[in-house]
Amino acid sequence: EDTNNGTVPTPLTNYLDTQYYGEISIGSPAQMFNVVFDTGSANLWVPSQSCSPFSTACFTHNRYDASKSRTHIENGTGFSIQYAAGNVRGFLSEDVVVVGGIPVVQVFAEATALSAMPFIFAKFDGVLGMGYPNVAIDGITPVFDRIMSQHVLKEEVFSVYYSRDPKHSPGGELVLGGTDPNYYTGNFNYMGTKETGKWEVTMKGVSVGMDMMFCAEGCTAVIDTGSSYITGPLDESGYKVNCDTVKTLPSVTFHLGGQEYSLTQEDYILWQSQIEGDVCTVTFRGLDVPPPTGPIWILGANFIARYYTEFDRRNNRIGFAAAV
Ligand SMILES: CC(C)(C)OC(=O)N[C@@H]1CNC[C@H](C(=O)N(Cc2cccc(Cl)c2Cl)C2CC2)C1
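Thresholds, definitions, all that
- Residues numbered from 1 in each chain as written.
- Predicted model: local features only at pLDDT ≥ 70, side-chain atom pairs only at ≥ 80, totals over all residues.
- Heavy atoms only, no water.
- Helix = DSSP H or I, 4+ residues; strand = E, 2+ residues; numbered from the N terminus.
- Rg over C-alpha atoms; globule rule 2.2 N^0.38 Å.
- Areas by Shrake-Rupley, 256 points an atom, 1.4 Å probe, with all protein chains shown as cover.
- Lys, Arg positive; Asp, Glu negative; His and termini not counted.
- Charge placed at Lys NZ, Arg CZ, Asp CG, Glu CD.
- Buried < 20%, exposed > 50% of the residue type's maximum accessible area, 1.4 Å probe, protein only.
- Patch = residues over 30% accessible without salt bridge, like charges linked within 9 Å, V, L, I, M, F, W, Y side chains within 5 Å.
- Salt bridge = Lys/Arg side-chain N within 4 Å of Asp/Glu carboxyl O.
- Pairing = 2+ DSSP bridges.
- Polar contact = N/O pair within 3.5 Å; in protein donor to acceptor, adjacent residues only side chain to side chain.
- Contact = heavy atoms within 4.5 Å.
- Near = heavy atom within 4 Å.
- Nonpolar A, V, L, I, M, F, W, Y, C, P; charged D, E, K, R; others polar.

Enquirer: So what's going on with the overall build of the protein chain? Residues and values would help.
Expert: Along the protein chain, the regular secondary structure elements total five helices and 24 strands. Its C-alpha radius of gyration of 20 Å places the protein chain within 12% of the 20 Å reference for a compact globule of 324 residues. The C-alpha extent of the protein chain, read off along each of the three principal axes, is 60 × 45 × 40 Å. Counting only carbon and sulfur atoms, one obtains 53% of the accessible surface of the protein chain, whose full area is about 14,500 Å². Between the mean site of the 19 positive side-chain charges and the mean site of the 34 negative ones, the protein chain shows a separation of 2 Å.

Below you can see the structure in the form of C-alpha cells.
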C-alpha cells in the first residue's frame, strides 16, 4: 500500500541481530537483490554475473546480469571499495533501481571480486549506501539523492526500525519519506549532524552506570545502520562475560543532543546458548581512530534497535524515538 505518496515501506530481514537487509530490484525485467541500507556509506554495489570463478562470496549470492536487462546502460569504469574488514572490486553500470516502490536510473557497481572475508558471512547480496553524496566513492550520486530530486517524498527523510529479536516479523523496516508510528512511542529528539556532511553527531559523553567513563570532553558519534555493534576507543572488544552476572551489569548511557540514551545489558549482551553452555559477549568493539577524526564512536544496529531513527536530509538532523 502507498503510505507516503509514492513510497511503500521496505520490510527488512533480521539475521541474528547483526545483519538487517531488504529487497531492491535492478533492471528490466526486475532482478532482485538483498541489500544492507547503510548510512555509513553512499554507494550501491551488488555482485556481478561476470564475477571471477575464484570469488566464492560472489557465487553464493544473487548476481546482476546486464545482458538480461533491456534498460541496462553500459559504463565500465573501474570501481573498488576498501572496507576495514575486506574489499570489493568491479566496474560501474547504470540501470533502473527500484527502492520502496520508487524507480530511479542509478549508477552502481557490479562487483566482480568480493573478498571472502567478511562477505562469506554476509546473508545480504550487496550494499545500498544511504550516506551523504560527499561520502560517495567516485562522486556517484547516491540513490536517496536521486529519489529526492524526483520530489515524490512527503518529507526528505528516511527512517529505520530494527527489531531486537530475530523471531519478530518483520525484522525491521525502512521508510522513505517519513516515519512509521507502528514502531516507536513518544516524541522524537533531534540533533544536528556535524557539518562534515555525514550521518554523525557530537556526543557529550558515555556513562557506564553512574560514572562518565568515556568521551568526557566530547567526541563524534556515527549513526551507522550498516554496522552490527557499537564501536568505540575501547581496548575490550568481543568481551566475554559470565552469563550469570549479566543481570548485574550496568546500563551504558550515550549523551546525545541534550538527551540520555541508555542501553541495558539485554541491549548490549549477545547471549548465545551453545552445547557446552551459554556464552555471553559484550557487543562493544574496540576501534581506535586517532584525532582529528577520532575519538569516534560508531552506534550500530544494537543502538538503532533500541532507538527508532529518523535521518533528515532536509534539516540535516537525526531524530531518535523509543523503539517499540
Ligand atoms: C570509507 C567507506 C568505504 C565509504 O566506508 C564504508 O563503506 N563503511 C561502511 C560503514 N557501514 C558498515 C559497513 C560494513 O562494515 N559492511 C560489512 C558488514 C557489516 C555487518 C555484517 C557483515 Cl557480514 C558485513 Cl560484511 C557493509 C555491509 C555494510 C562499512
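Enquirer: Outline the environment of Gln-82, listing residues and values.
Expert: Within the secondary structure layout, Gln-82 lies in strand E5 (residues 73-82). Residue Gln-82 is classed as exposed on the basis of its relative accessible area, which comes to 64%. Sequence-wise, Gln-82 and Pro-166 are 84 residues apart; in three dimensions their C-alpha atoms are separated by 30 Å.

Enquirer: Requested: an account of a nonpolar patch on the surface, with residues and values cited.
Expert: A cluster of nonpolar residues, Met-117, Ile-120 and Phe-121, forms a patch on the protein surface that exposes about 310 Å² of accessible area. Locating Ile-120 in the fold gives a position in the loop between helix H2 (116-119) and strand E8 (126-129). Ile-120 gets classed as partly exposed once you look at its relative accessible area, which sits at 41%.

Enquirer: For the pairing of strand E6 (residues 87-99), give the residues involved together with the corresponding values.
Expert: Relative to E6, strand E2 (residues 19-26) runs antiparallel, the two sharing two bridges. Among the inter-strand pairings, Ile-26 is bridged to a residue of E6, identified as Val-97. With seven bridges joining them, E5 and E6 adopt antiparallel strand pairing. Bridging across to E6, Ser-80 finds its partner in Arg-89. Where E5 folds back on E6, the antiparallel hairpin that results is connected by four residues.

Enquirer: Lay out the sheet that holds strand E16 (residues 240-241) in plain terms, naming residues and giving numbers.
Expert: One open sheet holds the three strands; their spatial order is E16-E20-E19, and the pairing between them is antiparallel. Each edge of the open sheet carries a strand with a single partner, namely E16 and strand E19 (269-274). Bridge count between E16 and strand E20 (residues 277-282): two bridges; the pairing is antiparallel. Following the sheet pairing, Val-241 is matched in E20 by Cys-280.

Enquirer: Just give me the short version of the side chain of Arg-313, but keep the residues and values in it.
Expert: In this structure, Arg-313 sits in the loop between strand E23 (307-312) and strand E24 (317-323). Judged by relative accessible area, which is 14%, Arg-313 ranks as buried. A polar contact is formed between the side chain of Arg-313 and the side chain of Asp-145, at a distance of 2.8 Å. Setting aside residues no more than four positions away along its own chain, Arg-313 makes contact with Gly-131, Tyr-132, Pro-133, Phe-144, Asp-145, Met-148, Glu-156 and Trp-199.

Enquirer: Hey, could you go over the site of the ligand for me, with residue numbers and the actual values?
Expert: Near the ligand, the surroundings consist of 16 residues, among which Asp-38, Ser-41, Tyr-83, Asp-224 and Gly-226 are the closest. The side chain of Asp-38 places a nitrogen or oxygen atom 2.9 Å from a nitrogen atom of the ligand. A distance of 2.8 Å is found between a nitrogen atom of the ligand and a side-chain nitrogen or oxygen belonging to Asp-224. For the ligand, the accessible surface in isolation is 650 Å², of which the surrounding protein chains cover 75%. Every element with two or more residues in the shell around the ligand is listed here: E5 and H2. Looking at the shell around the ligand residue by residue, the class counts come to seven nonpolar, seven polar and two charged.

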